[in-house]
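A closer look at the structure
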Amino acid sequence: MDLRTYTREYTKKDNRLAALSYFGTFAVYFLSLYLAIAYVERWYILIPAGVIFAFAAVRLYVLQHDTGHHSLFETRRQNEIAGHVLSPFTFAPFEVMKQNHNLHHANIGNLEHRETGEIHTMTLREWKEAGFWERLTYRLYRNPLVLVPVGSAFTYFIRYRWPKNTTKFGILGVLLHNMVIIALISLLYYVAGPTGLWVWLAFSFLGGMIGVFLVYLQHNFEDTYWDRRPDLNPQEAALQGSSCLDFGWFFDFAVANITLHDIHHFNARIPSYRLRKCHYNLPPEFALRRISFGEALRALSLKLWDEEQKRLVPFPAGNAHCILRAR
């Protein structure tokens, strides 16, 4: 049995499991937000409820990602409707984001189409040829203290109001999406006042940071995969170029198994509720590498793709001092 045949065994959708995941996550999302707002003056309720809300928000985003692949519910129509309903809660306009993400899957690991990825990566050669301002901008961009918090605020609250390829894949859908968001925020303000709005905003921001952190780790680790055509190997790009984050069962559950990104990229038709079983039941000959939390944190120091060594590397030694002297 080859890996493609093996993964097909886990592509069967089940509306009962999908509905439990979908409506159950919404229930946790609203209940935790209510508790955080209602008990805002009691930090021992506010903080746990807010953190749970943040993870529920991440989970909704992952479920929307599943609907974009038509891999959550049994029919295309069910997935499309579910994806549009999720849209204002994830801040991601469904149709445009679905099409952009499909482009990402089609060009995974392709150095000539890095614009389809979520996190931009320069090659070591490009870095050496870059000028002062380009290097400085890229250094700031890849700094975790900038990438995660600023990246979260920019991506979810600004960039997704008009995502790339909006004019190509659906201006009307994006405009309606933004109008619904304004209506929901206005409703929250009417019901819970400025306090409720600030609580929602703060923990939505936390959810965004968790999401950006996970998106970074999905394709940015030392022995990831990049290449150019005709040498690009799609199977290696999917499996080696995507990570399996081994953070434990509970974390996998909290983020709807988006941590198992290698198997997902290999076969995007596997529902999120079957990904963990598919990965951990792999026959020994298909055993895939898993990244621990410690290694994931160390991966934040890797910035450039070295085409000769075929690995992600840190900035070359001495460049930071050169930039400082150039100032």
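Residues numbered from 1 in each chain as written. Predicted model: local features only at pLDDT ≥ 70, side-chain atom pairs only at ≥ 80, totals over all residues. Heavy atoms only, no water.

The next point concerns the overall build of the protein chain. Across its full length, the protein chain carries 17 helices and three strands. Here the C-alpha atoms of the protein chain give a radius of gyration of 20 Å, agreeing with the 20 Å that 2.2 N^0.38 yields for 327 residues. Going through the 327 residues of the protein chain one by one, you find that 50% of them count as buried. Contacts in the protein chain between residues at least 24 apart in sequence constitute 70% of all its contacts with a sequence separation of at least 6. A total of about 16,400 Å² of accessible surface is found on the protein chain, and carbon and sulfur atoms cover 63% of it. The protein chain carries 34 positive and 27 negative side-chain charges, and their two centres are separated by 5 Å. (Helix = DSSP H or I, 4+ residues; strand = E, 2+ residues; numbered from the N terminus. Rg over C-alpha atoms; globule rule 2.2 N^0.38 Å. Buried < 20%, exposed > 50% of the residue type's maximum accessible area, 1.4 Å probe, protein only. Contact = heavy atoms within 4.5 Å. Areas by Shrake-Rupley, 256 points an atom, 1.4 Å probe, with all protein chains shown as cover. Lys, Arg positive; Asp, Glu negative; His and termini not counted. Charge placed at Lys NZ, Arg CZ, Asp CG, Glu CD.)

Low pLDDT marks regions whose predicted coordinates should not be analysed in detail. Of the residues in the protein chain, 97% have a pLDDT of 70 or more, and the chain-wide mean is 94. Considering only residues more than four positions removed or in separate chains, one finds that residues 321-327, a stretch of pLDDT under 50, has seven contacts. (pLDDT = per-residue confidence, 0-100.)

What follows deals with the packing of aromatic side chains. This structure, assessed with the given rule, holds 25 aromatic pairs. Their ring planes at 85 degrees and their centres at 5.0 Å tell us that tyrosine 22 and phenylalanine 23 sit as a pair that is edge-to-face. Classification of phenylalanine 23 as exposed rests on a relative accessible area of 53%. Aromatic pair phenylalanine 247 and phenylalanine 293: ring centres 5.1 Å apart, planes at 75 degrees, arrangement edge-to-face. Within this pair, whereas phenylalanine 247 is found in the loop between helix H12 (234-239) and helix H13 (249-254), its partner phenylalanine 293 is found in helix H16 (residues 293-298), the two being separated by 46 residues in sequence. (Phe/Tyr/Trp six-rings, centres within 6.5 Å; stacked < 30°, edge-to-face > 60°.)

Here arginine 298 lies in helix H16. As a C-alpha pair, arginine 298 and tryptophan 162 span 136 residues in sequence and 33 Å in three-dimensional space.

On to the sheet that holds strand S2 (residues 304-306), then. Read from one edge of the open sheet, three strands run S1-S2-S3, paired in mixed fashion. Only two strands of the sheet have a single neighbouring strand rather than two, namely strand S1 (122-123) and strand S3 (311-313). As paired elements, S2 and S3 share three bridges and run antiparallel to each other. Of the residues in S3, the one forming a bridge with leucine 304 is valine 313. (Pairing = 2+ DSSP bridges.)

Let us look at the side chain of glutamine 218. The topology assignment puts glutamine 218 in helix H11 (residues 171-219). Note on glutamine 218: relative accessible area 7%, which makes it buried. Not counting residues up to four positions away in its chain, the partners in contact with glutamine 218 are Gly241, Ser242, Ser243, Ile258 and His261.

Another aspect to go through is unusual backbone geometry. Omega for the peptide link from arginine 229 to proline 230 comes to 10 degrees, which places this bond in the cis form. The phi dihedral of phenylalanine 91 falls on the positive side, at around 65 degrees, and the residue is not glycine. Assignment of secondary structure puts phenylalanine 91 in the loop between helix H4 (76-90) and helix H5 (94-106). Judged by relative accessible area, phenylalanine 91 falls into the buried class, the value being 9%. Positive phi values are uncommon outside glycine, yet asparagine 165 reaches one of about 70 degrees. With respect to the helices, strands and loops of the structure, asparagine 165 is situated in the loop between helix H9 (149-157) and helix H10 (166-169).

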